[in-house]
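Structure assessment
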Amino acid sequence: MVCAKRKRILTIYIRALSRTHFGIIFILNVEQSIHILRLLLQNRGISYAITDRNFVVTLADGAPYCIDQSLALGRRIDVVLPELIGSEAELQAILDGELPRLQFPLINRSRGDRETSTFLDDLNAQLQFFPPAHDNGEVEISDGGDSYYLTITVLPHQRYGEITGLIVFVEDVTEEGLIQQRITQHRNELTLLRDQLARQNVRLQAANRELQQLDELKSRFVTVAAHELRTPLTAISGYTELLRDGSFGLLDERQRRPLTIIAQSTDRLLEIINNLLDVSRIETGRVQLNMCSTPLQQIIRRCLDEYHLVVKKRGQTLTVDLPSDTPLLLCDLARTVQVLGNLLGNASKYTPEGGSIHLSAGPAAQAGYFQIAVQDTGVGIPLAEQQRIFGTFYRASNADQTNAAGAGLGLHISRSLVELQGGEIHFESEPGQGSTFFFTLPLAE
Ligand code: ADP
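Read on for a plain summary of the structure. In this text the structure is predicted, and so the values were computed from the model without any measurement.

**Some remarks on the sheet that holds strand β7 (residues 317-321)**
Here we have 5 strands laid out as an open sheet, ordered β7-β9-β10-β12-β11, and mixed in their pairing. Both edges of this open sheet fall to β7 and β11 (425-430), since each of them pairs with a single strand only. Averaged over all pairs of adjacent strands, the angle between strand axes in this sheet comes to 15°, irrespective of strand direction. Bridge analysis of strand β10 (residues 369-376) against strand β12 (residues 434-442) gives 7 bridges, and the strand direction is antiparallel. Across the sheet, the residue bridging to glutamine 375 is threonine 436, located in β12.

Below, the structure written as C-alpha cells:
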C-alpha cells in the first residue's frame, strides 16, 4: 500500500522529472507513477529520505546505492548516512527553520559499500508494465570505477507550512567527482613540480653565483698574472735590444743570433700577455676608448710602418688602395691600429711565403660608415669552422699549415674592439684560395 504522504511526494517529483525529461506530462495512476519515479531516480542516481522531527526515516526511495531503503526505514538518518554525524546542530537548525539547507558535496564511497542486487531484482519485477530503460533490460547505474561520489543535500520537509522533519537527497555525482579528483591530482602534481623547480632554481642560482665568483677569480688571476709577467718581460725585451745594438759591447753574428731568438720570443710572450689582459678587460667591461676624429691615412700609416717589414720578410707583396680624399673616422686610434694590425698580421701569417696581401678602404654599404678590408691569398678558413673563429682561443684546423704561431685571441679582441666603437666585422673566405676581412667604423663628419 502506498500511503498518502508518499503519493503526494511522488506526484511532485514525477511532474518535475517528467517536465525536464520527456516534455510531456502523462496522466498516470499511482502505481505507474511509482514505477516511473523509481526508474527515473534509478537512472539519474538519486535517492531521497524523509525523516520526522527525531531524525528517524519514515520514507526512502530511489537509487539503492545512494540510500538503501530497506535499511533506512525506522533508523535515524545519521545512522543511514554516517556523513551527517557531527552535524546534529545544523540538522536541528534546519528543523528550527534557522538554516535553509545543508550540503555535503562529493562524498567519496567505495563500490563495496553498495548492495543493490535485491533491490534491482525487486525493481525489475515491478517494471513489467513499462519497457526497460535499456535494450539489455538492465537499469544502468553510473559507473565510476572502484569508487563513486555522492552529494547529500538536507532541506526542511514542510507540511501545511510547518517543518515536520528533514528531506534528504543523495545524488550520484561520480562523473563530477572523478573530474574533481583528476583536477586535484593534477594540481598536486603541479604543486610538486613547482616545488621541485623552485628547489632546482635555488640550487642553480647557488651554482651560478659560485661560477660567477670563480669567473671573477679567474679574471683577477689572469690580470694579476699578466701584469706581473709583463714587467720582467719588458725588462728582458729592453735589455735584449740593447745587447743586440751593441750598447754593452760589440757582438759578432754568432752571438747576435740567439739574442734575436730571445727578442722574438719575448715579443711573442708580450703579445700573448697583452691579449690576455685585453680579453680580461673586455669580459669585465673595462675597455677604455679614446674616441677622436681620426684621419684614415694616420691609421694606415701606423700599421704599414709596422707590418711592411713583416710582409717583406715573408716575401709577400702588399698593395694598398685608398681613397684620394682623407676621410675622418670617429675611433680610438690605438685600438683601431691594433685591429688593423691583427688583420694584417693574420693575412701575412696565414699566407704562404710569396703570397700577396691587399689593403683597401672605401665607404661602407651603411651610410655614415667607412669600411677597411684586408685581402690575402692564403690558406683560407675551412667552411665548417668559419662560425667559430671569433671565439676565444679558437684556431682553425689548418692554422699550422703556414707554421703560424697564435693563441686564438686576436679576432675575438678585434671584433669586441670594432663593436665597442660602433662598427662591424665580418669575413669571406675560401679554403685554399684566401680570405678577406672587412670592418667598419663610423665617419666623424
Ligand atoms: P691567432 O692568429 O693568434 O691564432 P686569431 O684570433 O687572430 O688568433 O685567429 C683565429 C684563427 O682564425 C686563426 O688561428 C686561424 O685559424 C684563423 N684565421 C684568422 N685570420 C686568418 C686568415 N687571414 N687566413 C686564414 N685563417 C685565418
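Now that the structure is up, let's keep going.
**Description of unusual backbone geometry**
Positive phi, close to 50°, is recorded for leucine 106, a residue that is not glycine. Mapped onto the elements, leucine 106 comes out in strand β3 (residues 102-110). With a phi close to 55°, asparagine 403 is a non-glycine residue in the positive phi region. Among the structural elements, asparagine 403 can be located in the loop between β10 and α11 (410-420).

**Overview of the site of the ligand**
What surrounds the ligand is a group of 21 residues, the closest being Asn346, Tyr350, Arg395, Ala396 and Leu411. The contact in question runs from an oxygen atom of the ligand to an N or O atom on the side chain of arginine 395, over 2.7 Å. Surface burial for the ligand is 97%, taken as the share of its 530 Å² of free accessible area covered by protein chains. Secondary structure elements with two or more residues in the shell around the ligand: α10 (333-349), α11 and β12. The leading source of residues in the shell around the ligand is α10, at 4 residues. For the shell around the ligand, a count of residues per class yields 11 nonpolar, 7 polar and 3 charged.

**What to know about the pattern of salt bridges**
Throughout the structure, instances matching the rule amount to 11 salt bridges. The partner of aspartate 96 in a salt bridge is arginine 53, and the shortest N-O contact between them spans 3.8 Å. Remark: arginine 53 occurs in the loop between β1 (46-51) and β2 (57-62) and aspartate 96 occurs in the loop between α5 (88-95) and β3; sequence separation between them is 43 residues. For aspartate 96, a relative accessible area of 39% corresponds to the partly exposed category. Overall, the relative accessible area of 39% leaves arginine 53 in the partly exposed class.

**Let's talk about helix α9 (residues 296-313)**
Counted at 1.5 Å a residue, the expected span for α9 with its 18 residues is 26 Å, and the 26 Å between its end C-alpha atoms agrees. At aspartate 305, α9 shows its largest bend, some 35°. Here α9 has its buried residues at Leu296, Ile299, Ile300, Cys303, Leu304, Tyr307 and Val311. Looking at the buried side of α9, the elements it contacts are β6 (291-295), β7, β8 (328-332), α10, β9 (356-363) and β10. A positive phi of about 65° marks glycine 315, the residue just after α9.

**As for the side chain of threonine 223**
Locating threonine 223 in the fold gives a position in helix α7 (residues 174-245). Residue threonine 223 is classed as buried on the basis of its relative accessible area of 16%. For threonine 223, the side chain forms a polar contact with the side chain of serine 280, separated by 2.9 Å. The residues contacting threonine 223, other than those within four sequence positions of it, are Leu277, Ser280 and Arg286.

Conventions and cut-offs
The residue count restarts for each chain, going from 1 along the sequence in the order it is written. Confidence filtering applies because this is a predicted model: local features only for residues at pLDDT of at least 70, side-chain atom pairs given and counted only at 80 or more, and all residues used for totals across whole chains, interfaces and linings. For side-chain calculations, the full set of non-hydrogen atoms in the structure is used, while hydrogens and water are omitted. A pair of strands counts as paired when DSSP detects no fewer than two bridges linking them. Going along the chain from the N terminus, every DSSP run of H or I of four or more residues is numbered as a helix, and every run of E of two or more is numbered as a strand. To get an axis, a line is fitted to the C-alpha atoms, and for a helix only the part in contact is used. The angle between two axes follows their N-to-C directions and goes from 0 to 180 degrees. Put simply, a residue is near a molecule or strand once any heavy atom of it comes within 4 Å of that molecule or strand. Distance and chemistry together define a polar contact, namely a pair of N or O atoms within 3.5 Å, with one atom able to donate a hydrogen and the other to accept it when in protein, and with adjacent residues in sequence counting only for side-chain atoms on both sides. Areas reported as accessible are Shrake-Rupley estimates using a 1.4 Å probe. Residue values count occlusion only from the protein chains shown. Each residue is assigned to one of three groups, with Ala, Val, Leu, Ile, Met, Phe, Trp, Tyr, Cys and Pro labelled nonpolar, Asp, Glu, Lys and Arg labelled charged, and all others, Gly among them, labelled polar. The salt bridge criterion pairs a side-chain nitrogen of Lys or Arg with a carboxyl oxygen of Asp or Glu, the two atoms within 4 Å. Note on classification: 1.4 Å probe, protein chains only; a residue is buried when its accessible area is under 20% of the maximum for its type, exposed when over 50%, partly exposed between these limits. One fewer than the residue count of a helix, multiplied by 1.5 Å, yields its expected span. Two axes enter the bend calculation: one fitted to the seven residues ending at the residue in question, the other to the seven starting there, and the bend is the angle between them. The criterion used for residue contact is that any of the two residues' heavy atoms lie within 4.5 Å.

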